[in-house]
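# Chain and residue survey
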Amino acid sequence: MVKPMQVYEGKAKKIIPLDGGKVIMEFKDNATAFDGKKKAQFKGKGWFNAQISATLFGVLEERGVKTHFIGVAGDNRLIVEKLDMYPLEVVVRNVVAGSLKKRLPLEEGTKLPEPIIELYYKDDSKGDPMINHYHAKILGISEGEIREMERIALKVNEILREYFAERGIILVDFKLEFGKNGRGEIVLGDEISPDTCRFWDARTRKSLDKDVFRFDRGDLISAYEELYKRLTGEA
Ligand code: 5GP
């Protein structure tokens, strides 16, 4: 008997294994924030996150960044390369917002003189704590691997910051996740969407991302739709 392959269900996505080193990443309509303490459902959110991620992975691939993206497989599904994921969140910041303003005496909206990279250990039960290179080494992730993830993260930042600026949007900060593919290469995985990035309208500074849900700043789907329209020109 063929053993059924295990489906992994996270807070916002389902991972469905396929043959041949590929998986389907299905985006759900669920929204969670504050380590899962705040929850809601938004019809259409999964569609926007899948389509926006596909668009942005395409932009990055075109400019030479290796990602797990293979193609779109339906409304809220992407086909991606199977990766062995690092238990890390790599955050890049261009502008002060979110947890940075709580940690340092900096005002929200201040442009940073150069991008900041932060590493977090991905574990909701511990509140995704911030870690450094020494902690990463203890977790079995070498200095070389961390440097490679940081190099790719800065390249992603350069490409996307410009891409969004051309569309009247400030890329404030974002979170990336990486994994190793079957050939042992470090590849950008997960998603790049308004769930994992902060986007501000350059003129009004209005949030076009999950902060709308986190801090009750209006209608989440209208914000995601506005972002999608700016990226694709489609209604
Ligand atoms: P902050 O540390 O300010 O809360 O988050 C920085 C950036 O990383 C934001 O764009 C935020 O959306 C993203 N981010 C950080 N941690 C997580 C997480 O656990 N889940 C998601 N979806 N995004 C995160």
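Per an unreviewed UniProt entry, the chain goes by the name Phosphoribosylaminoimidazole-succinocarboxamide synthase and belongs to Thermococcus piezophilus. Its UniProt record gives the chain a comment under Catalytic activity (unreviewed entry), which states: "5-amino-1-(5-phospho-D-ribosyl)imidazole-4-carboxylate + L-aspartate + ATP = (2S)-2-[5-amino-1-(5-phospho-beta-D-ribosyl)imidazole-4-carboxamido]succinate + ADP + phosphate + 2 H(+)". Note on the chain: under the UniProt heading Pathway (unreviewed entry), the record states "Purine metabolism; IMP biosynthesis via de novo pathway; 5-amino-1-(5-phospho-D-ribosyl)imidazole-4-carboxamide from 5-amino-1-(5-phospho-D-ribosyl)imidazole-4-carboxylate: step 1/2."

So, on to the pairing of strand β15 (residues 197–201). The element β15 is extensively covered by neighbouring structure, given that five of its five residues are classed as buried. Examined bridge by bridge, strand β12 (residues 169–176) and β15 share five bridges and lie antiparallel to one another. By the bridge assignment, Phe174 is partnered in β15 with Cys197.

Pairing within the open sheet is antiparallel, and its three strands lie in the order β8-β13-β14. Looking at which strands have only one partner, the edges of the open sheet turn out to be β8 (84–85) and β14 (186–188). Strand direction decides the pairing type here: β8 and strand β13 (residues 178–180), joined by two bridges, are antiparallel. Looking at the pairing, Asp84 lines up with Lys180 of β13. Contacting β13 and β14, helix α4 (residues 143–165) crosses the sheet at an angle of about 30 degrees to β14.

Should the charged atoms of two oppositely charged side chains come close, the side chains can pair. In the structure shown here, the tally under the stated rule is 30 salt bridges. One salt bridge in this structure joins Glu9 and Lys28, with 2.7 Å as the shortest N-O distance. Taken as a pair, Glu9 in strand β1 (residues 8–9) and Lys28 in the loop between β3 (22–27) and β4 (30–33) lie far apart in primary sequence, 19 residues in all. You can call Glu9 partly exposed: its relative accessible area is 47%. For the salt bridge of Arg217 with Asp211, the shortest nitrogen-to-oxygen distance reads 3.9 Å. With relative accessibility at 43%, the residue Arg217 sits in the partly exposed group. Through salt bridges with shared partners, a single network forms among Arg93, Arg103, Glu118, Asp173, Arg198, Asp211, Arg214 and Arg217.

Moving on, we get to the packing of aromatic side chains. Overall, the coordinates contain eight aromatic pairs when judged by the stated rule. Aromatic pair Trp47 and Tyr228: ring centres 5.1 Å apart, planes at 65 degrees, arrangement edge-to-face. Separated by 181 residues along the polypeptide, Trp47 in helix α1 (residues 45–62) and Tyr228 in helix α6 (residues 220–232) bring together distant segments of the chain. Judged by relative accessible area, Tyr228 falls into the buried class, the value being 6%. Here Phe164 and Phe199 contribute two aromatic rings whose centre-to-centre distance is 4.5 Å and whose plane-to-plane angle is 35 degrees, an arrangement assigned as tilted. Placement of the pair is Phe164 in helix α4 and Phe199 in strand β15, with a sequence separation of 35 residues. Residue classification places Phe199 among the buried residues on the basis of a relative accessible area of 0%. Looking at Lys38, its charged tip hangs above the ring of Phe213, at a distance of 5.0 Å from the centre.

What counts, and where the lines are drawn
- Residues numbered from 1 in each chain as written.
- Predicted model: local features only at pLDDT ≥ 70, side-chain atom pairs only at ≥ 80, totals over all residues.
- Heavy atoms only, no water.
- UniProt positions renumbered as here; feature names shortened; annotations may be inferred.
- Buried < 20%, exposed > 50% of the residue type's maximum accessible area, 1.4 Å probe, protein only.
- Helix = DSSP H or I, 4+ residues; strand = E, 2+ residues; numbered from the N terminus.
- Pairing = 2+ DSSP bridges.
- Contact = heavy atoms within 4.5 Å.
- Axes fitted to C-alpha atoms, helices over the stretch in contact; angles between N-to-C directions.
- Salt bridge = Lys/Arg side-chain N within 4 Å of Asp/Glu carboxyl O.
- Phe/Tyr/Trp six-rings, centres within 6.5 Å; stacked < 30°, edge-to-face > 60°.
- Lys NZ or Arg CZ within 6 Å of the ring centre and 35° of its normal.

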